[in-house]
Amino acid sequence: MNIYIGNLSYSVKESDLKEVMEDYGTVDSVKLIIDRDTRRSKGFAFVEMPNDQEAKNAINELNGAEYQGRQMVLKEATPKEPAPRRSY
């Protein structure tokens, strides 16, 4: 399951998130979203966990939990919809 984690402190690193999420199960990947221009974190990330039950447990336990001074938002990530095509 792909998990969206939002409202993160800008100082959080991918390794920090992996450590937190591994308390709930196996983590395949962590992708912290970085601003292209400033090279700073945008304050959200995506974590891939292969076991759906472990992922759901992590979401239930950590959604709303405080981490590095901010209240995290966790939910199942939904696929990005393609932008509508424009006709000229």
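This next bit is on the pattern of salt bridges. Applying the stated criterion to the full structure yields one salt bridge. The salt bridge partner of E22 is K18, with a shortest N-O separation of 3.9 Å.

The subject of this paragraph is the environment of A77. With respect to the element layout, A77 can be found in the segment after β6 (73-76). Setting aside residues no more than four positions away along its own chain, A77 makes contact with N2, I3, Y4 and F46.

Buried within helix α2 (residues 52-62) we find A55, A58, I59 and L62. Projected down its long axis, α2 shows its buried positions confined to an angular sector of 100°, all on one face. Exposed side of α2, more than 90 degrees from the buried face: Q53 and N60 are the residues found there. The secondary structure elements touched by the buried residues of α2 are β1 (2-6), α1 (14-21) and β6. The N-capping residue of α2, defined by a side-chain oxygen 2.9 Å from the backbone nitrogen of Q53, is N51. Backbone geometry just after α2 places G64 at a positive phi near 90°.

The rules we used
- Residues numbered from 1 in each chain as written.
- Predicted model: local features only at pLDDT ≥ 70, side-chain atom pairs only at ≥ 80, totals over all residues.
- Heavy atoms only, no water.
- Salt bridge = Lys/Arg side-chain N within 4 Å of Asp/Glu carboxyl O.
- Helix = DSSP H or I, 4+ residues; strand = E, 2+ residues; numbered from the N terminus.
- Contact = heavy atoms within 4.5 Å.
- Buried < 20%, exposed > 50% of the residue type's maximum accessible area, 1.4 Å probe, protein only.
- Arc of directions from axis to C-beta.
- Polar contact = N/O pair within 3.5 Å; in protein donor to acceptor, adjacent residues only side chain to side chain.

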